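Next come the chains, spelled out residue by residue.
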Amino acid sequence: GNYERRSIVCFSKMKKENDNLYISFPKKFSGKNIEKDTIEKVFSFSYKMTFGKKGIHRNHRSGGQHYRNNGEIFVNTFQGKLAEVLLYDFFKDKSIQISEPDFSISGFGIWDSYDFKIKDKLISVKSTKHYGNLLLLECKDWNEDGKYIPSNTEYSYFVLVRIKPDFEKIMKENKLLYLDSCDEIGLKNLIFNNCWEGEITGFISNEDFKNTIIKEKFIIKQGEKLNGKVKMDADNYYIQSIDLKDISLILKDL
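Here is a short report on the structure shown in this document. (Residues numbered from 1 in each chain as written. Predicted model: local features only at pLDDT ≥ 70, side-chain atom pairs only at ≥ 80, totals over all residues. Heavy atoms only, no water.)

### What about helix H2 (residues 70-93)?
Thinking step 1. For H2, with 24 residues, the first-to-last C-alpha span of 34 Å sits near the 34 Å given by 1.5 Å per residue.
Thinking step 2. Backbone geometry just after H2 places Ser 95 at a positive phi near 60°. (Helix = DSSP H or I, 4+ residues; strand = E, 2+ residues; numbered from the N terminus. Expected span 1.5 Å × (residues − 1).)

### Some words on the pattern of salt bridges
Thinking step 1. Under the definition given, this model contains seven salt bridges.
Thinking step 2. For Lys 81, the salt bridge goes to Glu 84, with nearest N and O atoms at 3.1 Å. Placement of both Lys 81 and Glu 84 in helix H2 is noted, with a separation of three residues, approximately one turn of the helix.
Thinking step 3. One salt bridge in this structure joins Arg 162 and Glu 199, with 2.8 Å as the shortest N-O distance. Here Arg 162, found in strand E11 (residues 157-164), pairs with Glu 199, found in strand E12 (residues 197-205); they are 37 residues apart in sequence, far enough to count as distant. Accessibility classification places Arg 162 together with Glu 199 in one group, the buried group. (Salt bridge = Lys/Arg side-chain N within 4 Å of Asp/Glu carboxyl O. Buried < 20%, exposed > 50% of the residue type's maximum accessible area, 1.4 Å probe, protein only.)

### Considerations on the pairing of strand E7 (residues 121-129)
Thinking step 1. Sheet analysis places strand E6 (residues 116-118) next to E7, joined by three bridges and oriented antiparallel. The residue bridging Phe 116 from the neighbouring strand is Ile 123, located in E7.
Thinking step 2. The loop that links E6 with its antiparallel partner E7 comprises two residues; one of these, Lys 119, has a positive phi angle of about 55°.
Thinking step 3. In terms of strand pairing, E7 meets E11 through seven bridges, oriented parallel. Bridge pairing links Val 125 to Val 159 in E11. (Pairing = 2+ DSSP bridges.)

### Description of the side chain of Asn 70
Thinking step 1. Structurally, Asn 70 can be placed in helix H2.
Thinking step 2. Residue class for Asn 70 comes out buried when judged on its relative accessible area of 14%.
Thinking step 3. A polar side-chain atom of Asn 70 sits 2.9 Å from the main-chain carbonyl oxygen of Asp 180.
Thinking step 4. Not counting the four nearest positions on each side in its chain, Asn 70 is found in contact with Thr 50, Phe 51, Lys 53, Leu 179 and Asp 180. (Polar contact = N/O pair within 3.5 Å; in protein donor to acceptor, adjacent residues only side chain to side chain. Contact = heavy atoms within 4.5 Å.)

### Some points on unusual backbone geometry
Thinking step 1. Cis geometry marks the peptide bond from Lys 164 to Pro 165, where omega comes out at 10°.
Thinking step 2. Tracing the backbone shows Pro 165 in the loop between E11 and helix H3 (167-173).
Thinking step 3. With a phi angle near 55°, Lys 119 is a residue other than glycine that sits in the positive phi range.
Thinking step 4. Residue position: Lys 119 is located in the loop between E6 and E7.
Thinking step 5. One non-glycine residue, Lys 175, adopts positive backbone phi at about 55°.
Thinking step 6. Examined against the element boundaries, Lys 175 turns out to sit in the loop between H3 and helix H4 (184-192).

### What about the packing of helix H1 (residues 36-49) against H4?
Thinking step 1. With their axes 11 Å apart at the nearest point, H1 and H4 run at an angle of 145° to one another. For the pair H1 and H4, the crossing hand works out as right-handed. In this structure, H1 uses Lys 36, Ile 39, Glu 40, Phe 43 and Tyr 47 to contact H4, whose residues at the interface are Glu 184, Leu 187, Lys 188, Ile 191 and Phe 192. (Axes fitted to C-alpha atoms, helices over the stretch in contact; angles between N-to-C directions. Left-handed = near helix turned anticlockwise from the far one by under 90°.)

### Considering the side chain of Glu 197
Thinking step 1. Looking at the secondary structure, you find Glu 197 in strand E12.
Thinking step 2. Beyond its immediate chain neighbours, meaning those up to four positions away, Glu 197 contacts Phe 29, Gly 31, Lys 32, Asn 33, Ile 34, Arg 162, Ile 163 and Lys 164.

In structure tokens:
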């Protein structure tokens, strides 16, 4: 890989061939089972925010061209909220005081300032599929000082959580991914017919994000293809999963 040496963290840029970018070193997924109570609560929230039309999530990414329907938004919401609960449970198990996951139903234009707060530290949680190997941050959401533009927030840490199985694939196979309406009971049964696992893959500090990722342009651009297959919808800063710090190291700072 193409390594950029720093005092603590060694970040690797993806290998580039024309408009294709390839992961340098995939990280093996090592997840733990997610409790049914958690899945139940996250499902209820996600359904209300999408198919239930109680709340509204953005139907496109910052700088993106693809507009998502309720099926796609549901998948993203479900996966993202599972990730938040897993991180919350991790800190609670370590007896660290942390704000609770937000399950309030909000409309479009209401931005969360942060996912979690521990003392004066703000934490942003990102999720991906179990075979995903990138923590992605949409370029148009961030200024050069590493602040989140919509809410003018400076996060202390960005944490990546991976979820198994590939829920998007399941929804697509059942012809539900591109729908704007869906039967609640049938969808719930589909979810509970699967065994869900989660892994807290690692984290990056704001300092590393600002001083390395942004400054040295770790960017996969709109239209470029990840691993020669997945066409990017918007410009994204990226950090490879293999370069993320182990979540246990965050405890020393806290």
